[in-house]
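Here is how the chains run, residue by residue.
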Amino acid sequence: MPVPTALTLASGSPEIRDVLDAALEWIGTADLLAVAGRWQPEYLALTPELRPVLPQPGAVAALGEVRVAFDASFAPLSGLARDGAATGLGPALFKRAADAVGLRYRFIAKPSFEEAAAAFRQGEADVLVAAVRTPERERYAIFVGPYYSEPSAIVSRLGNGWPSLSALAGRRLAIDAGHYLIPFIQRKYPSVQLVVVRTAAGVLAVNQAGGNAEGVAEHALALMLNLTKRIQETDR
C-alpha cells in the first residue's frame, strides 16, 4: 500500500507552509505527476488513482472533426492572427486541451460574438469559445470550465461620472450583441436604454464618439481586459 510523503516543516513555520501549499496547488496535479514520472516512474503505476483519466483514443477518433466557433473581434480572449489563424486565450486553451487527447478540430471565425453564438445555436459549430454560463444559455448548452474570470465595467466619458447600473435610468448604455448581461439588465433595470452594437470593440468606439442625434451612448459596458487593450492602442 503506498504511503504518502510530504514536505516537513517546523511547527512554528505556518507562513512557509502556506506559501508552499499555495505553490503546489498552483502547479497542479499534472505538473506534479510529470515530476514524479521523471524521478520515480514506478510511482505512477503504484498510484493509479492520481493519474489523470484521459479518454480512449478510439472514443476521441469517433468524434470526428469538432467545429469550434469564436469571435474574431474579441482579442485578447479570441481573435485572428495576421496569417488568419485563431489566436487568443480561448482558442489557445482549446487547442492545448484538444492536442493533449488527439482531438481533431477546425476553428470557425465569426465577425462578432453574436454571430459565433448563432452558428453554435444553429448547429454549425460544436463548441463556442469564451461564453459565460447563464440560465438562458443552459437551456441549450452544456459547459466545460470555467477556465477564466474577468469583471465587466461601466465605461463613461470624462464628465459623465462612473455610475452604477441603477444610476443609469433613462441613460444610454452601449453593449455588444449577445452580451450575457443583456437579459439581466432588461429584467432588473428596464429604464436603461441599451444601444446594442455588433462587436465589443464597437462598444468602446461608440462610447468614444460622444452622444449625438443618432443615439450614441454616453456609457458603455465592456470587459476590463478589452478596455485595457483599447486604451493601450489609443496611447500608441
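Since the structure is predicted, the reported quantities are computational estimates derived from the model, not experimental observations.

Analysis parameters
Residues numbered from 1 in each chain as written. Predicted model: local features only at pLDDT ≥ 70, side-chain atom pairs only at ≥ 80, totals over all residues. Heavy atoms only, no water. Pairing = 2+ DSSP bridges. Helix = DSSP H or I, 4+ residues; strand = E, 2+ residues; numbered from the N terminus. Contact = heavy atoms within 4.5 Å. Axes fitted to C-alpha atoms, helices over the stretch in contact; angles between N-to-C directions. Buried < 20%, exposed > 50% of the residue type's maximum accessible area, 1.4 Å probe, protein only. Phe/Tyr/Trp six-rings, centres within 6.5 Å; stacked < 30°, edge-to-face > 60°.

Now for the sheet that holds strand S1 (residues 65-71). Strand order in the open sheet formed by three strands is S5-S1-S6, and the pairing between neighbours is parallel. Strands with a single pairing partner mark the edges of an open sheet, and in this sheet they are strand S5 (104-110) and strand S6 (127-128). Note: S1 against S6, two bridges, orientation parallel. Counterpart to Val-68 in the pairing with S6 is Val-127. Running at roughly 165 degrees to S5, helix H4 (residues 89-101) makes contact with S1, S5 and S6 of the sheet.

This part takes up the sheet that holds strand S2 (residues 73-74). On the basis of which strands lie adjacent, the open sheet formed by three strands has the order S2-S3-S4 and antiparallel pairing. Strands with a single pairing partner mark the edges of an open sheet, and in this sheet they are S2 and strand S4 (86-87). With two bridges joining them, strand S3 (residues 78-80) and S4 adopt antiparallel strand pairing. Residue pairing across strands places Leu-80 opposite Ala-86, the latter belonging to S4.

A negative phi holds for most residues other than glycine; trans holds for most peptide bonds. With omega at 10 degrees, the peptide bond leading from Ala-75 into Pro-76 counts as cis. For Pro-76, the position within the fold is in the loop between S2 and S3. Located in the positive-phi region is Ala-130, a residue other than glycine, with phi close to 60 degrees. Mapped onto the elements, Ala-130 comes out in the loop between S6 and strand S7 (152-156). Owing to a relative accessible area of 24%, Ala-130 belongs among the partly exposed residues under this scheme.

For the coordinates displayed, the defined rule picks out six aromatic pairs. Centroid distance Phe-94 to Tyr-105: 5.5 Å. Interplanar angle 85 degrees. Geometry classified as edge-to-face. With a gap of 11 residues between them, Phe-94 in helix H4 and Tyr-105 in strand S5 connect regions that are remote in the sequence. Its relative accessible area of 16% is what places Phe-94 among the buried residues. Overall, Tyr-105 belongs to the partly exposed group, its relative accessible area being 21%. Look at Phe-120 and Tyr-140: their rings are 6.4 Å apart centre to centre, the planes differ by 50 degrees, and that puts the pair in the tilted class. Here the residue Phe-120 occupies a position in helix H5 (residues 113-121), and Tyr-140 occupies one in the loop between S6 and S7, the gap between them amounting to 20 residues. Take Phe-120: its relative accessible area is 18%, and that puts it in the buried class. In textbook terms, an aromatic cluster arises when at least three aromatic residues are bridged by ring pairs, as seen for Phe-70, Phe-94, Tyr-105 and Phe-107.

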